Amino acid sequence: MKGAQICTDLKIAHFDVLSVILGGMLLGLSFPPVGWTLSAWVSFVPLFRICMRFSARNTFLLGWVFHVSLVAVAFYWPLLHLQLDTALISFVAMIALTMLLSVPFALAAAGATARAVTIPAAGAAAGAIKCLNRTRRIRSLFLAGLLVFALDLILQVGPVPMPWLSLGNSQAMSGLVESLAPYIGSVGIGVLVLFVNMLIVTGIEFSDVSLSARTAVGAALPTMIMLTALLPREQPEFGDSSFKVGILQPGFPAQDWAQIQDLSRVDTLLALSDFVLMDADNRPELVIWPETALPYSRDRGVVEAIRQKLSSWAVDNQVAILSGAITESSRFADKKRINPAIYFRNTVRLFDTEGNVTDHGKNILVPFAEYVPFSLTFPGLASLSIPAGGVAGYLPEETPSVFRTNKSSFGVMICFESVFPGYARSLARAESQFLVVITQDGWWKSDIPGIQHFYFSRFRAAETGLSVVQVSVDGISGVIRPGGSIQVMTGNEARRQLIVEVPGAKSGTFYMRFGDLMLILGLGVWIAALLGSCLASRSCMQRPDAVRLHK
């Protein structure tokens, strides 16, 4: 009699370790600044194959090796923070995050496989075990993909949102941003990358299926690429008007920018703004200063003097100023149990040409760097906050940052907010004519975060059909046109002033209008396939020859 194995839990071999290291590195190389975007489409193949064979423990270990390799290639820069305590906290957070990203594969292995079992069987009985083995492996594959996607969504919405590592961002330097993001967004593109990896695994693993089925799976990847190339790009309908905007990249070192009580920076930024206005024939309607540009003081008189100075400049020159600032928050001020250290807002402030001053605070804060998760419920956690830009803790706002002037309306994202597709979409649906990102990406001894941040903003332009103007202190500033093509990009330069023509758009994209509708439909098919594999496994167990196995 022949022995038929229901599942095999192998010992980890050198080849398995090398394969997942290579897969993780390939995924890392697909992210900016390298941008080998096609490597992401095969990077998960080793890990998917492993979760169909190994125990949950071994799959978790190999998954952790995979994600450590990814971080080592593309996301090591948090360890290069200028502040040692922040670098150490980042190291702990990265270890925890790589372990979390490995959990879906371990759960798939635990939920769809069993320990090595060999049952003497022959003929029809062996066929029943073979059927059961195949359906369990298929179920493991689909379950792993579904759980990876679920974790990707958790990174988007919380409870501790961190979508920087979202799989869709691996295609930030790809032409797919312009062709597919207007329909399915960055999350949908990530799902497509994941699904193609699963199709490749299916073609490799299930050689016992019919030749026609294997041919269909093998042809799936080139077919999808061809269809993507042929898919018409949804170009937003441009409005009749465009907007002249002045970009100020002051080039302050991060340590100097963190001196939030330095009042002299206002005069420096005004002098740079005066320089922008020297060309009378190319005069901007709006000058944008980067994140936390305005100094902070507890002296109300000083705060009011700065407000009057900037407001007068805007009125006299008939040019509005949009600037980042640190302001005090009035939220929860009546609750003594809230730690006073978090009475601040990361704010964007508009001084318009009629003397009005409007504030909006940041909605989505960087975990630990700007606030400690759950610190509003458990105030003692606020003591773990580390200074970010001179302040140890902010409070979030609850309304989108949309500003309106006589000539335009625009939504503003402060730094980290621009990585969230849903937030940019909410700004676009609030009748913004273009989007603005103000940021400070100079806290690391690396150019990588600035490059990644700028290229991730391509998705927001493509998803919403609106131009994106990004202004950094000393990172990368520029303009991305509706659809995702880069109009101008400064590079990591010390100081730069630009006047740019920002095209407006008067019609949104499919994604802006309907959000993740296409993604929801695709997930329905995915879940149906998973349920189908479960039913197929049950059918195998109910075969008469399978029943005889257990007598």
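Up top you'll find the structure we're talking about.
First things first, this report covers the structure right here in the doc. (Residues numbered from 1 in each chain as written. Predicted model: local features only at pLDDT ≥ 70, side-chain atom pairs only at ≥ 80, totals over all residues. Heavy atoms only, no water.)

**Considering the overall build of the chain**
Now for step 1: Helix and strand content of the chain: 17 helices and 14 strands.
Now for step 2: Taking the contacts inside the chain whose residues are at least 6 apart along the sequence as the reference set, 76% of them involve residues at least 24 apart.
Now for step 3: Accessible surface, the chain as shown: approximately 23000 Å² in total, 63% of it carbon and sulfur. (Helix = DSSP H or I, 4+ residues; strand = E, 2+ residues; numbered from the N terminus. Contact = heavy atoms within 4.5 Å. Areas by Shrake-Rupley, 256 points an atom, 1.4 Å probe, with all protein chains shown as cover.)

**Comments concerning the packing of helix H13 (residues 421–429) against helix H14 (residues 448–464)**
Now for step 1: Direction vectors running N to C along H13 and H14 enclose 45°, while the axes themselves pass 10 Å from each other. In terms of their interaxial angle, H13 and H14 are classed as oblique. Regarding H13 and H14, the two cross each other, and that crossing is right-handed. Facing Pro421, Ala424, Arg425 and Ala428 of H13, the residues of H14 in contact are Arg460, Glu463 and Thr464. (Axes fitted to C-alpha atoms, helices over the stretch in contact; angles between N-to-C directions. Parallel < 35°, antiparallel > 145°, perpendicular 65-115°, else oblique. Left-handed = near helix turned anticlockwise from the far one by under 90°.)

**With respect to the sheet that holds strand E13 (residues 486–489)**
Now for step 1: Across the sheet, 6 strands lie side by side as E8-E9-E10-E11-E12-E13; this open sheet has mixed pairing. Sheet topology places strand E8 (402–404) and E13 at the edges, where each strand pairs with a single neighbour. Across this sheet, the average inter-strand angle for adjacent strands is 20°, counted without regard to direction.
Now for step 2: Of the pairings in the sheet, the one linking strand E12 (residues 478–480) to E13 comprises 3 bridges and is antiparallel in character. (Pairing = 2+ DSSP bridges.)

**So, the nonpolar core**
Now for step 1: Leu27, Phe44, Phe48, Phe75 and Phe105 are the most contacted members of the largest nonpolar core, which has 78 residues in total.
Now for step 2: For this core, the element with the most residues is helix H8 (residues 181–205), which contributes 11 residues.
Now for step 3: In contact with Phe75, not counting residues within four places along its chain, are Phe31, Leu70, Met94, Trp164, Leu165 and Gln452.
Now for step 4: By size, the runner-up hydrophobic cluster in this structure holds 23 residues, among which are Phe243, Phe403, Val412 and Val436. (Core = buried A, V, L, I, M, F, W, Y, C linked by side-chain atoms within 4.5 Å. Buried < 20%, exposed > 50% of the residue type's maximum accessible area, 1.4 Å probe, protein only.)

**Considerations on the pairing of strand E7 (residues 357–361)**
Along any regular strand, the residues point their side chains to alternate faces of the sheet.
Now for step 1: With 5 bridges joining them, strand E6 (residues 344–351) and E7 adopt antiparallel strand pairing. Across the sheet, the residue bridging to Phe351 is Val357, located in E7.
Now for step 2: Hairpin connection of E6 to E7: 5 residues between the antiparallel strands, including Gly355 at a positive phi of 90°.

**Some points on the packing of aromatic side chains**
Now for step 1: Using the criterion set out here, one finds 17 aromatic pairs in the structure.
Now for step 2: Where Tyr183 meets Phe510, the ring centres are 6.5 Å apart and the plane angle is 40°; that geometry is what we call tilted. With Tyr183 in helix H8 and Phe510 in helix H15 (residues 510–514), the pair connects residues that are 327 residues apart, well separated along the chain.
Now for step 3: Exposure remark for Tyr183: the relative accessible area of 22% places this residue in the partly exposed category.
Now for step 4: Taken together through their ring pairs, the aromatic side chains of Phe44, Phe48, Phe66 and Phe105 make up a single cluster. (Phe/Tyr/Trp six-rings, centres within 6.5 Å; stacked < 30°, edge-to-face > 60°.)

**Some points on H13**
Now for step 1: Here H13 has its buried residues at Pro421, Tyr423, Ala424, Leu427 and Ala428. One side of H13 carries all its buried residues, which in axial view fall inside an arc of 165°.
Now for step 2: Note on H13: the residue one or two positions beyond its end, Glu431, has a positive phi of about 70°. (Arc of directions from axis to C-beta.)

**Let's talk about the pattern of salt bridges**
Between side chains of opposite charge, a pair can form when the charged atoms approach closely.
Now for step 1: Tallied over the full model, the rule gives 7 salt bridges.
Now for step 2: Salt-bridge contacts for Arg345 lead to Glu397; the nearest nitrogen and oxygen are separated by 3.5 Å. With Arg345 in strand E6 and Glu397 in the loop between E7 and E8, the pair connects residues that are 52 residues apart, well separated along the chain. For the pair Arg345 and Glu397, a shared accessibility class is recorded, and that class is buried.
Now for step 3: Linked by salt bridges that have partners in common, Arg345, Arg349, Asp359 and Glu397 make up one network. (Salt bridge = Lys/Arg side-chain N within 4 Å of Asp/Glu carboxyl O.)

**Re a nonpolar patch on the surface**
Now for step 1: Judged by side-chain polarity, Ile89, Val160, Phe368, Phe374 and Phe378 come together as a nonpolar surface patch covering roughly 450 Å² of accessible area.
Now for step 2: Residue placement: Phe368 occurs in the loop between E7 and E8. (Patch = residues over 30% accessible without salt bridge, like charges linked within 9 Å, V, L, I, M, F, W, Y side chains within 5 Å.)

**Thoughts on empty space enclosed by the protein**
Now for step 1: Using the criterion set out here, one finds 2 cavities of 30 Å³ or more in the structure.
Now for step 2: Considering only enclosed or pocket space, the largest cavity measures out at about 220 Å³ in volume.
Now for step 3: Leu101, Val148, Asp152, Leu165 and Leu167 are, among the 18 residues lining the largest cavity, the residues nearest its centre.
Now for step 4: Taken together, the elements giving at least two residues each to the lining of the largest cavity come down to helix H4 (56–74), helix H5 (84–112), helix H6 (124–157) and H8.
Now for step 5: Among the residues making up the lining of the largest cavity, the classes are represented as 15 nonpolar, 2 polar and 1 charged. (1 Å grid on protein atoms, 1.4 Å probe; cavity = no way out; pocket = protein on both sides within 12 Å on 5 of 7 lines; lining within 4 Å. Points joined across faces, edges and corners; volume = space filled by probe spheres on them. Nonpolar A, V, L, I, M, F, W, Y, C, P; charged D, E, K, R; others polar.)

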